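Letter by letter, the chains look like this.
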Amino acid sequence: MVNPMEEYDTIIIGAGPAGLTAAIYSSREGQKTLLLDKAVPGGQIYLSSIVENYPGVKSTSGAALISTMVGQATSFGTKIKQFEEVKEANLKEKIIKTDRGEYKSKSIIIATGNRWRKLNVPGEEELLGKGVSYCATCDGPFFKNQEVAVIGGGDSAIEEGLHLTKFANKVYIIHRRNELRASKRLQDLAFSNPKIEFIWNSEVSSINGNANVESITLKNNNSNEETSLALSGAFIFIGMLPNSEIFKGQLETDPRGYILTGEWMQTKIPGVYAAGDVRHSPLKQVTTATSDGTVSAVSASRGQF
Ligand SMILES: Cc1cc2nc3c(=O)[nH]c(=O)nc-3n(C[C@H](O)[C@H](O)[C@H](O)COP(=O)(O)OP(=O)(O)OC[C@H]3O[C@@H](n4cnc5c(N)ncnc54)[C@H](O)[C@@H]3O)c2cc1C
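This structure is a prediction, so every number in the text was calculated from the model and none was measured.

About the cut-offs
- Residues numbered from 1 in each chain as written.
- Predicted model: local features only at pLDDT ≥ 70, side-chain atom pairs only at ≥ 80, totals over all residues.
- Heavy atoms only, no water.
- 1 Å grid on protein atoms, 1.4 Å probe; cavity = no way out; pocket = protein on both sides within 12 Å on 5 of 7 lines; lining within 4 Å.
- Points joined across faces, edges and corners; volume = space filled by probe spheres on them.
- Helix = DSSP H or I, 4+ residues; strand = E, 2+ residues; numbered from the N terminus.
- Nonpolar A, V, L, I, M, F, W, Y, C, P; charged D, E, K, R; others polar.
- Near = heavy atom within 4 Å.
- Polar contact = N/O pair within 3.5 Å; in protein donor to acceptor, adjacent residues only side chain to side chain.
- Areas by Shrake-Rupley, 256 points an atom, 1.4 Å probe, with all protein chains shown as cover.
- Pairing = 2+ DSSP bridges.
- Contact = heavy atoms within 4.5 Å.
- Axes fitted to C-alpha atoms, helices over the stretch in contact; angles between N-to-C directions.

1. Things to note about the layout of surface pockets
Part 1 of the argument: Approximately 280 Å³ is the volume attributed to the second largest pocket.
Part 2 of the argument: Every residue lining the second largest pocket is counted, 15 residues in all, and those nearest its centre are Leu119, Ile151, Arg176, Glu203 and Ile238.
Part 3 of the argument: Per-element tally for the lining of the second largest pocket: the top contributor is strand S12 (residues 202–208), with 3 residues.
Part 4 of the argument: Counted by class, the lining of the second largest pocket contains 6 nonpolar, 4 polar and 5 charged residues.

Right, dumping it as structure tokens:
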């Protein structure tokens, strides 16, 4: 016998700060609410050891902040299903297919966030967690007194590079241009840090090693010359990409794939909203994600747009 599709008033895809806030507002409004996440609830902030810019909380960890949000959402009746990935969405019909089931709802809030861009070079995938990392906060302490590289030239790359100097002996910052995009304040801090050495006009062509990262191969963009640099960690910060591929062709996005919304977080499909980092917006923080989550849930529960 085929199981009937579970039905909800609101289905929220993604349990980061945006999705959790939407869940709190939605279930508190009396909406039958399902919150789906392909991992555990938390999103990007979950692994951050210190959060100091969430108003009302002087200093906390991402995990502690998220745990409170999860408690709030479930206390108002949100059903959370973790380790359940949305694979397909028919947004017009409001039907969601996951790796475990199929659901129908009156409205959908997309809060799938974004992720670090990959270099797509040999060794990156194979050595992930064995020296290749996208999170200095998470993995920096593993590289005490070692040599590491940061790849990128924006704020995140420089911030993470500075953070790594607390552990590593030496931090190479590898950038494909001859100047940084990072803010002046961060540049000043990096240029005056004796542990940081810049390698300009260079791109990584492979990350090498057997059990762990042992070296990277660099190509100089001016001379095309290839060189090898011995090190044990490669931290990649070359920008972010939105997790919006599963909705491709159904919604309006900017050229990078960030979903376009109106000020009520509405998309061009009635009853479908987007909130947080997956949305085209000027700033991506926990506070902006929770704000979007609030607006999207109120829009959905009022049935406007
Ligand atoms: C290392 C780091 C440190 C940061 N520090 C700070 C800070 O100190 N202060 C601050 O304000 N901001 C900080 N940020 C930014 C902040 O974490 C993000 O802006 C915020 O998490 C965005 O929330 P979100 O809910 O929109 O998306 P995310 O946090 O990205 O959450 C999206 C969720 O959707 C889930 N998901 C994605 N696709 C699917 C799918 N197909 N099916 C089911 N689930 C799916 C993911 O598993 C994830 O849990 C930091 C970010 C990073 C990476």
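Let's pick the thread back up.
2. Considerations on unusual backbone geometry
Part 1 of the argument: A positive phi angle, near 60 degrees, is found at asparagine 145, a position not held by glycine.
Part 2 of the argument: Mapped onto the secondary structure, asparagine 145 falls in the loop between helix H3 (136–139) and strand S9 (147–151).
Part 3 of the argument: For asparagine 224, which is not glycine, the phi torsion reads 65 degrees and is therefore positive.
Part 4 of the argument: In this structure, asparagine 224 sits in the loop between strand S13 (215–220) and strand S14 (226–230).

3. Description of the site of the ligand
Part 1 of the argument: By nearness alone, 28 residues border the ligand, and Ala18, Asp37, Gln44, Asp277 and Val286 come closest of all.
Part 2 of the argument: One of the backbone nitrogen or oxygen atoms of alanine 18 is found 2.9 Å away from an oxygen atom of the ligand.
Part 3 of the argument: Here valine 286 contributes a backbone N or O atom positioned 2.9 Å from an oxygen atom of the ligand.
Part 4 of the argument: In the complex, 88% of the free accessible area of the ligand, which totals 1,000 Å², lies under the protein chains.
Part 5 of the argument: For the shell around the ligand, the elements supplying multiple residues, two or more each, are helix H1 (17–28) and helix H6 (286–302).

4. Description of the sheet that holds S9
Part 1 of the argument: Taken together, 5 strands build an open sheet; the order of strands is S8-S15-S9-S10-S11 and the sheet is parallel. Each edge of the open sheet carries a strand with a single partner, namely strand S8 (132–133) and strand S11 (196–199).
Part 2 of the argument: Pairing of S9 with strand S15 (residues 233–236) involves 4 bridges; the strand directions are parallel. Of the residues in S15, the one forming a bridge with valine 150 is phenylalanine 235.
Part 3 of the argument: Each of S9, strand S10 (170–174), S11 and S15 touches helix H4 (residues 155–164); the most contacted strand, S9, lies at about 170 degrees to it.

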